[in-house]
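# Examining the three-dimensional arrangement
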Amino acid sequence: MRYLLKGGTVVSGRGTRRADVLVEDEKILQVGRSLRDPLARVVDVSGKLLLPGFIDAHTHFDLDVCNTTTIDDFDSGTKSAIRGGTTTIVDFACPNKGESLRYGLDLWHKKADGNCWCDYGFHMTIDDWNPSIEKEIDDMYAEGISSFKMYMTYPAMMIGDEAMYKALKKLKEKGGICGVHCENSGVINALIEEKKAAGRMGVSSHPETRPDFLEAEAVSRLLRIAQAVDIPVVIVHLTNAATLSEVTAARRRGQKVYVETCPQYLVLDDSVYYNEDYSRAARYVCAPPIRKSEDCRALWAGLRKGEIQTVSTDHCAFTLAQKEAGRGDFTKIPGGLPGVEARGELVYSFGVATRKISLATMCRVLSENPAKLYGMFPRKGILAPGADADIVVYDPKADHVLRAEDMQSRAGYTPYEGFVTRGSVSQVWLRGQLAVENGQVLGGQRGRYIVRGKNML
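Before going into details, it helps to say that this report is about the structure given with it. (Residues numbered from 1 in each chain as written. Predicted model: local features only at pLDDT ≥ 70, side-chain atom pairs only at ≥ 80, totals over all residues. Heavy atoms only, no water.)

## Remarks on the pattern of salt bridges
This model, assessed by the stated rule, comprises 30 salt bridges. Linking Arg-210 and Glu-183 is a salt bridge whose minimum nitrogen-to-oxygen distance equals 3.0 Å. Here Arg-210 is found in the loop between α6 (205–208) and α7 (212–229), whereas its partner Glu-183 is found in the loop between β14 (177–181) and α5 (185–197), with 27 residues between them in sequence. By the burial criterion, Arg-210 is buried, and Glu-183 matches it. The partner of Glu-368 in a salt bridge is Lys-372, and the shortest N-O contact between them spans 3.2 Å. Taken as a pair, Glu-368 and Lys-372 lie in helix α14 (residues 359–373) at a separation of four residues, close to a single helical turn. Exposure class is identical for Glu-368 and Lys-372. Each is buried. Salt bridges sharing common partners tie together Glu-26, Lys-27, Asp-119, Arg-379, Lys-380, Asp-388, Asp-390, Arg-431 and Arg-448. (Salt bridge = Lys/Arg side-chain N within 4 Å of Asp/Glu carboxyl O. Helix = DSSP H or I, 4+ residues; strand = E, 2+ residues; numbered from the N terminus. Buried < 20%, exposed > 50% of the residue type's maximum accessible area, 1.4 Å probe, protein only.)

Here it is in structure tokens:
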């Protein structure tokens, strides 16, 4: 089937231009002015923006954590994703300590295969290091896994400095890329003990025991380990100015560092944790926590200057009932927020429409850069001949109010309740098929597993 999307403005990482997009079956055939094709069905997109399908390279669907399971599995999670313009997600396959990487990968395939509304891939979590796991790294590449993740916090998943060094050495040998969750676990635990001893068990103790400088310290330590290995790394969900300055220092030393941030760190501030209503405060608990308004400004500036390469969501959704587990003990609140559906509209509304960033920057951080960083470019991340026909049609005049009742997520709430967007996603095309129109998800679960190559950013 051929479609001709006519009359829109095509957005790329270099800028915008008036152009039509001709699609045949799953691929883009041509992008240009005044295209004609008598065999194509014309779709009028006059006055609208055409962006490459968004890529969310940081989701947690169907994850067992905090003695519970995230409420969004690959069905509801990817349905939420595609409704918001995300045509590809990269989730985290997470074997437990003592389990093989193969076991973790097979488990995640069982969870995801046949259940996804958008295309998907996996990062592999490394939470242990031994000769057996080292041998498995080669197998992961053969399975299309070219990116990994390590944690510097959470006892069940964290890995020590020595093991991290050895793991990074192996990934360098393979040309791999690794994202790292950076917080100083030891000092955080000490601060938690102090809060408990003082009887300070409310939600506000969560951000106070995970301050920005402990994130900055962990990033600094990671970057020195990476310097010893001479390997690029990804700082996932970076939240604040102090941490960004550590990245800047490493880049001045000649290191290559990639940075990801998330919408919650761009549009919310830490006042959310000080609401006297437990439920209204607990719903925002995530790690690292939401920071101060000056950190929001620093992150927008970092996006504008190209210091931050991607905006993902760290979508890790729990219901408010699940969040109740921490009433009376903030350490038991399941950490994570829903957000995959709202990301594109938030970045446009609070970044592009307010002139903090350009449309080209939006395209880079939501589409082009993650496609390059995680080995999917030029199949994904660009509107060009030969690319997958993953297209977001954005109507800049169709403002609306974000409401939980309209979301596909099963969380039952959105951190952005009542936010008024500037424009909205009006259509989403997944590999040449119309998947979303005017907020309605069409068709069925057509997502495919994406075999990924090496970093091209």
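## Considering the sheet that holds strand β12 (residues 119–125)
Sheet architecture is open: eight strands sit in the order β8-β11-β12-β13-β14-β15-β16-β17, paired in parallel fashion. This sheet does not close on itself; its edge strands, each paired only once, are β8 (54–59) and β17 (310–311). Pairing of β8 with strand β11 (residues 86–93), which is carried by four bridges, proceeds in the parallel orientation. Following the sheet pairing, Asp-56 is matched in β11 by Ile-89. The sheet strands contacting helix α13 (residues 343–352) are β8, β11 and β17, and the helix crosses β8 at an angle near 115 degrees. (Pairing = 2+ DSSP bridges. Contact = heavy atoms within 4.5 Å. Axes fitted to C-alpha atoms, helices over the stretch in contact; angles between N-to-C directions.)

## A closer look at α5
The end-to-end C-alpha distance of α5, which contains 13 residues, comes to 18 Å, matching closely the 18 Å that a straight helix rising 1.5 Å per residue would cover. For α5, the full list of buried residues reads Ser-185, Ile-188, Ile-192 and Lys-195. Across the axial projection of α5, the buried residues extend over an arc of 80 degrees, all falling on one side. In α5, the exposed positions that point more than 90 degrees away from the buried face belong to Glu-193, Glu-194 and Ala-197. Where the residues of α5 are buried, they touch α6 and α7. Put simply, Asn-184 is the residue that caps the front of α5, since its side-chain oxygen is 3.3 Å from the backbone nitrogen of Gly-186. Once α5 ends, the next one or two residues include Gly-199, with phi positive near 75 degrees. (Expected span 1.5 Å × (residues − 1). Arc of directions from axis to C-beta. Polar contact = N/O pair within 3.5 Å; in protein donor to acceptor, adjacent residues only side chain to side chain.)

## A closer look at empty space enclosed by the protein
The tally for this structure, following the rule as stated, stands at three cavities of 30 Å³ or more. Of the volumes computed, that of the largest cavity is approximately 60 Å³. Taken together, Ser-80, His-315, Pro-338, Gly-339, Val-340, Glu-341, Ala-342, Met-407, Ser-409, Tyr-413, Thr-414 and Pro-415 make up the lining of the largest cavity. Considered class by class, the residues forming the lining of the largest cavity number six nonpolar, five polar and one charged. (1 Å grid on protein atoms, 1.4 Å probe; cavity = no way out; pocket = protein on both sides within 12 Å on 5 of 7 lines; lining within 4 Å. Points joined across faces, edges and corners; volume = space filled by probe spheres on them. Nonpolar A, V, L, I, M, F, W, Y, C, P; charged D, E, K, R; others polar.)

## Digging into the layout of surface pockets
There is about 1200 Å³ of room inside the largest pocket. Around the largest pocket, the lining is made up of 49 residues, and of these Val-65, Cys-66, Tyr-154, Met-157 and Gly-335 lie nearest the centre. Every element with two or more residues in the lining of the largest pocket is listed here: β9 (64–65), α2 (101–112), β13 (147–151) and α5. It is α5 that contributes the most residues to the lining of the largest pocket, five residues altogether. Class assignment of the residues belonging to the lining of the largest pocket gives a composition of 23 nonpolar, 16 polar and 10 charged.

## Structural notes on the sheet that holds strand β6 (residues 41–44)
Strand order in the open sheet made by the four strands is β5-β4-β1-β6, with mixed pairing throughout. Both edges of this open sheet fall to β5 (27–32) and β6, since each of them pairs with a single strand only. If you compare each strand with its neighbour and ignore which way they point, the axes differ by 20 degrees on average. Relative to strand β4 (residues 20–24), strand β1 (residues 2–6) is paired through four bridges, and the arrangement is antiparallel. Bridging across to β4, Leu-4 finds its partner in Leu-22.

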